[in-house]
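One-letter residues, chain by chain:
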Protein chains: 2
Amino acid sequence: MTDTTNDLVLDRMMEAPRAALWRCWTEPKLLEEWFCPKPWYITDPVLDLRPGGEFSCVMNGPEGEKFPNLGVFLEIVDRRKLVTTDAFAPGWRPQGRPFMASEVTLEDAGEGRTHYVARAMHWSEEARKEHEQMGFHEGWGKAADQLEALAKTL
Amino acid sequence: MTDTTNDLVLDRMMEAPRAALWRCWTEPKLLEEWFCPKPWYITDPVLDLRPGGEFSCVMNGPEGEKFPNLGVFLEIVDRRKLVTTDAFAPGWRPQGRPFMASEVTLEDAGEGRTHYVARAMHWSEEARKEHEQMGFHEGWGKAADQLEALAKTL
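Residues numbered from 1 in each chain as written. Chains lettered and ligands numbered in written order. Predicted model: local features only at pLDDT ≥ 70, side-chain atom pairs only at ≥ 80, totals over all residues. Heavy atoms only, no water.

Engineer: Explain the UniProt feature "domain: Activator of Hsp90 ATPase homologue 1/2-like C-terminal" (unreviewed entry) in chain A residue by residue, including any values.
Structural biologist: As annotated by UniProt and renumbered to match this structure, "domain: Activator of Hsp90 ATPase homologue 1/2-like C-terminal" (unreviewed entry) occupies residues 16–151 of chain A. Between the C-alpha atoms that bound residues 16–151 of chain A there is a distance of 6 Å. The span itself is 30% helix and 39% strand. (UniProt positions renumbered as here; feature names shortened; annotations may be inferred. Helix = DSSP H or I, 4+ residues; strand = E, 2+ residues; numbered from the N terminus.)

Engineer: Residues and numbers for the relation of the copies chain A and chain B, please.
Structural biologist: After a rotation of 180° and a shift along the axis of 0.0 Å, chain A superposes on chain B with an RMSD of 0.0 Å. Given the turn and translation reported, the copies of this chain are related as if by a two-fold rotation axis. Looking at the interface residues of chain A, 100% of them are also at the interface in chain B, so both copies use one shared face. (Least-squares fit on C-alpha atoms with pLDDT ≥ 70 in both. Contact = heavy atoms within 4.5 Å.)

Engineer: How would you sum up the sheet that holds strand β1 (residues 7–14) of chain A? Please name residues and give values.
Structural biologist: All names here are of chain A. Strand order across the open sheet formed by seven strands is β1-β9-β8-β5-β4-β3-β2, with antiparallel pairing between neighbours. At either end of the open sheet lies a strand with only one pairing partner, and these are β1 and β2 (41–47). Ignoring which end each strand starts from, the neighbouring axes of this sheet average 20° apart. Pairing between strand β3 (residues 54–60) and strand β4 (residues 66–77): seven bridges, direction antiparallel. By the bridge assignment for β4, phenylalanine 55 is matched with glycine 71. Along the sheet face, helix α1 (residues 18–26) touches β1, β2, β3, β4, β5 (81–85), β8 (100–108) and β9 (114–122) and points at about 155° away from the line of β8. This element, helix α4 (residues 136–152), spans β1, β8 and β9 of the sheet and lies at about 25° to β1. (Pairing = 2+ DSSP bridges. Axes fitted to C-alpha atoms, helices over the stretch in contact; angles between N-to-C directions.)

Engineer: For the interface of chain A and chain B, give the residues involved together with the corresponding values.
Structural biologist: Listed per partner, the contact involves 23 residues of chain A and 23 residues of chain B. When chain A packs against chain B, the two sides together hide about 1800 Å² of surface, and 64% of this comes from carbon and sulfur. Interface area lost by chain A to chain B is led by Trp92, Arg93 and Trp123 of chain A, which between them contribute 39%. Along the contact surface separating chain A from chain B lie two salt bridges. A salt bridge links aspartate 7 of chain B to arginine 93 of chain A, with the nearest nitrogen and oxygen atoms 2.8 Å apart. (Buried area = accessible area lost by both parts, 1.4 Å probe. Salt bridge = Lys/Arg side-chain N within 4 Å of Asp/Glu carboxyl O.)

Engineer: Would you mind going over unusual backbone geometry in detail, with residue names and values included?
Structural biologist: The residue after lysine 38 of chain A, namely proline 39 of chain A, is reached through a cis peptide bond having omega 15°. Locating proline 39 of chain A in the fold gives a position in the loop between α2 (28–34) and β2. Of note, arginine 79 of chain A is a non-glycine position whose phi angle comes to about 60°, a positive value. Here the phi dihedral of glutamate 111 of chain B falls at roughly 50°; this positive angle occurs in a residue that is not glycine. Topologically, glutamate 111 of chain B is positioned in the loop between β8 (100–108) and β9 (114–122).

Engineer: I'd love a proper account of the sheet that holds β9 of chain B, names of residues and values included.
Structural biologist: Residues and elements named next belong to chain B. Ordered by their spatial adjacency, seven strands build an open sheet running β1-β9-β8-β5-β4-β3-β2, and the pairing between neighbours is antiparallel. Pairing within the sheet leaves two strands with one partner each, and these edge strands are β1 (7–14) and β2 (41–47). Neighbour-to-neighbour, the strand axes of this sheet turn through a mean angle of 20°, independent of strand direction. The pairing of strand β5 (residues 81–85) with β8 spans five bridges and is antiparallel. Opposite lysine 81, over in β8, you have threonine 105 as the bridge partner. Together, β1, β2, β3 (54–60), β4 (66–77), β5, β8 and β9 form the strand contacts of helix α1 (residues 18–26), whose direction differs from that of β8 by roughly 155°. Helix α4 (residues 136–152) contacts β1, β8 and β9 of the sheet and is inclined by roughly 25° relative to β1.

Right under this line is the structure:
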């Protein structure tokens with residue numbers, strides 16, 4: 001049995017087709033539109049869609065806060081699955097304190113809808129709790145609202 | 001500049017062709033012959049050669065010691081590069097305390113020889129020192145001797 005104790009999961013039905021959600025996740029200009037709960041926003045997104053390829057952006061706050069995020073893609077299954085982690089920088093360079101791997105899966109649910117699951121898998125209970133206290137559920141939930149709204153327009 | 005402070009590196013010229021060294025790394029029956037410095041040996045090798053695929057074995061000591069090792073492949077470039085890590089179990093499950101990623105590269109060096117570089121990249125100075133004290137240089141060196149001797153017979 002897989003131990004999912006240290007996972008945080010967002011699981012919802014999206015009123016948008018799988019291909020549109022995939023575009024929002026993988027095209028930099030679209031990612032900018034939804035990836036952070038507003039009024040936060042990202043700049044400089046880099047999406048090198050291959051195992052080990054860079055996945056990075058800068059998270060910007062309304063007061064001028066700037067938080068660079070650097071990680072890599074671990075696995076890409078076209079229009080079905082994306083896995084990323086902050087444990088590595090490009091070149092498989094171990095970096096910082098490995099916090100989580102993030103897996104997004106998309107499944108057709110009929111009538112133009114998609115079953116969307118975003119799973120944050122942490123290395124420790126401590127990291128999972130920290131992420132929960134940082135507002136995982138609200139933050140990822142709001143971002144998913146923005147993602148769905150954008151995907152509907154495509 | 002890439003910071004390689006926490007790397008440990010074995011770099012040598014192998015008197016064996018690249019294709020033979022690759023077979024020794026990727027065929028379970030061959031891996032068993034060289035992967036541990038004798039009198040230690042491995043059993044139950046699993047090599048699922050794809051990003052995220054299982055890379056595991058049990059390390060066995062002469063006094064009956066048994067140390068299971070579980071990790072995954074991060075990248076496979078046929079006959080050129082193999083990258084693995086202990087940070088994940090299959091399914092990209094974060095596991096334990098991430099210790100290192102290991103990268104092996106093979107380059108033709110002419111006359112049936114191969115430039116072989118095995119690089120252990122650690123998440124911290126502490127992990128790198130621990131690995132050095134566990135005998136990285138002697139252990140990986142002896143294993144490389146066994147690898148070269150086996151590859152020459154293929």
